[in-house]
Amino acid sequence: MNVDTENGLLDVARQVSSPNCDDRPPGVVPELIVLHNISLPPGEFGGPWIESLFLNTLDPGDHPFFAGIVRLRVSAHLLVERSGNLVQFVPFHRRAWHAGVSSYQGREACNDFTIGIELEGADDAPYDPRQYAVLAAAIEALTTAYPTLSSGRIRGHEHIASGRKTDPGPWFDWSWLRMMLEARDSVGRSG
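A. The arrangement of the overall build of the protein chain in detail. Regarding its fold elements, the protein chain presents four helices and 12 strands. Its C-alpha atoms give the protein chain a radius of gyration of 16 Å, near enough to 16 Å, the size a compact globule of 191 residues would have. Structurally, the protein chain occupies a C-alpha span of about 55 × 40 × 35 Å along its principal axes. Here the protein chain holds 191 residues, and 48% of them are scored as buried. Contacts spanning at least 24 positions in sequence make up 69% of the contacts within the protein chain whose residues lie at least 6 apart. Taken as a whole, the protein chain presents about 9,100 Å² of accessible surface, with 53% of it coming from carbon and sulfur.

B. Spotlight on the layout of surface pockets. Empty space within the largest pocket amounts to approximately 560 Å³. Asn 37, Ile 38, Glu 118, Lys 165 and Asp 167 are, among the 27 residues lining the largest pocket, the residues nearest its centre. Of all the secondary structure elements, the ones that give two or more residues to the lining of the largest pocket are β5 (32–38) and α1 (49–55). Per element, the largest residue contribution to the lining of the largest pocket is three residues, and it comes from β5. When its residues are assigned to classes, the lining of the largest pocket shows 12 nonpolar, 10 polar and five charged.

C. Representation of the pattern of salt bridges. Tallied over the full model, the rule gives six salt bridges. Glu 51 is the salt-bridge partner of Arg 14, the closest N and O atoms lying 2.8 Å from each other. With Arg 14 in strand β3 (residues 14–15) and Glu 51 in helix α1, this residue pair connects regions lying 37 residues apart in the sequence. On the basis of relative accessible area, Arg 14 is assigned to the partly exposed category, the value being 41%. Here Asp 23 ties to Arg 94 by a salt bridge, and the two come within 3.2 Å at their closest N and O atoms. Here Arg 94 lies in strand β8 (residues 94–96) and Asp 23 lies in strand β4 (residues 21–23), a separation of 71 residues in the sequence. What makes Asp 23 exposed here is its relative accessible area of 53%.

D. Fine view of the packing of aromatic side chains. Inspection of every chain in the model, using the stated rule, returns eight aromatic pairs. The interplanar angle of 75° and the centroid separation of 4.8 Å between the aromatic rings of Phe 172 and Trp 174 together place this pair among those described as edge-to-face. Pair check on accessibility: Phe 172 and Trp 174 agree, each one buried. The rings of Tyr 127, Tyr 132, Phe 172, Trp 174 and Trp 176 are connected pair by pair, giving a single aromatic cluster. Over the ring of Phe 45 we find Arg 82, and its NZ or CZ is 4.1 Å from the ring centre. Over the ring of Phe 113 we find Arg 107; its NZ or CZ atom is 3.9 Å from the centre of that ring.

E. Just the environment of Asn 7, in detail. Take Asn 7: it is sitting in the loop between β1 (3–4) and β2 (9–10). C-alpha of Asn 7 to C-alpha of Pro 91: the two residues are 84 residues apart in sequence and 6.8 Å apart in space. When residues no more than four places from it in sequence are discounted, the contact partners of Asn 7 are Pro 91 and His 93. At a separation of 2.9 Å, a polar atom in the side chain of Asn 7 contacts the main-chain amide nitrogen of Leu 9.

Cut-offs applied
- Residue positions are counted from 1 within each chain, in the order its sequence is given.
- Under the rules for a predicted model, residues below a pLDDT of 70 receive no local features and side-chain atom pairs below 80 are neither given nor counted, while totals for whole chains, interfaces and linings still include all residues.
- Calculation of side-chain values draws on the structure's entire complement of heavy atoms; hydrogens and water are dropped beforehand.
- In DSSP terms, a helix is any run of H or I states spanning at least four residues, a strand is any run of E spanning at least two, and both are numbered starting from the N terminus.
- Between the two quantities, the radius of gyration covers C-alpha atoms and the globule rule is 2.2 Å times the number of residues to the power 0.38.
- Whether a residue is buried, partly exposed or exposed follows from its accessible area with a 1.4 Å probe, protein chains only, as a fraction of its type maximum: under 20%, in between, or over 50%, in that order.
- When checking whether two residues touch, look at their non-hydrogen atoms; a contact exists if any pair is within 4.5 Å.
- Surface exposure here means Shrake-Rupley accessible area, sampled with a 1.4 Å probe, where a residue is shielded only by the protein chains that are shown.
- Lining residues are those with an atom within 4 Å of a point, where the points come from a 1 Å grid over the protein atoms alone and group into cavities, where a 1.4 Å probe fits but cannot get out, or pockets, open sets with protein on both sides within 12 Å along at least five of seven lines.
- Grid points are joined across faces, edges and corners, and a volume is the space filled by probe spheres set on the points.
- Think of it as three bins: nonpolar holds Ala, Val, Leu, Ile, Met, Phe, Trp, Tyr, Cys and Pro, charged holds Asp, Glu, Lys and Arg, and polar takes everything else, Gly as well.
- Salt-bridge detection follows one rule: a side-chain nitrogen of Lys or Arg within 4 Å of a carboxyl oxygen of Asp or Glu.
- Here a Phe, Tyr or Trp ring, Trp counted by its six-membered ring, pairs with any other such ring whose centre lies within 6.5 Å, and the pair is stacked when the planes are under 30 degrees apart, edge-to-face when over 60, and tilted otherwise.
- Any Lys NZ or Arg CZ that is within 6 Å of a ring centre and within 35 degrees of that ring's normal is treated as a charge sitting over the ring.
- In protein, a polar contact means a hydrogen-donor-capable atom and an acceptor-capable atom, both N or O and within 3.5 Å, with residues adjacent in sequence counting only if both atoms are side-chain atoms; elsewhere, any N or O pair within 3.5 Å suffices.

The analysis is restricted to geometry; functional conclusions fall outside its scope.
The following block contains the structure:
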């Protein structure tokens, strides 16, 4: 798994271009990875609606919940589906609209300097083990491509939008992710 820093694309991800992005401010590079969860409708997995939301093609007639979110203009750089498949919506060198009102270490507007990764999931459900493996590999590819990122510079949406957001939620196993990243790192050092 590799990131092409010229075009900002992950080689193994299915590419679906979201219009909900723009250029980062001049001189600003990715410095933090932000993890989210998403399921549409809430608590349901596997449908086409996350992609529809990020493409602004969500039909409010498909589910009553959609009427309240159909006007949102949001995206993420990556989506890790429950199956472990990856979908990239925004090149990493561009600004995805994933964080909303946010702050990290006193720095506002986190979309400017973050990479947003959505995990298909919910606050009240465990994640699929395949998602952790793929997420760890994607993080390794990102930290290799962008020296301003590291495995220590990963936060949840809940950490940058405290009181407003709760994702990736209590079922997200941060220690398992750290263990997988450390194992990948030690293999990289010995290889």
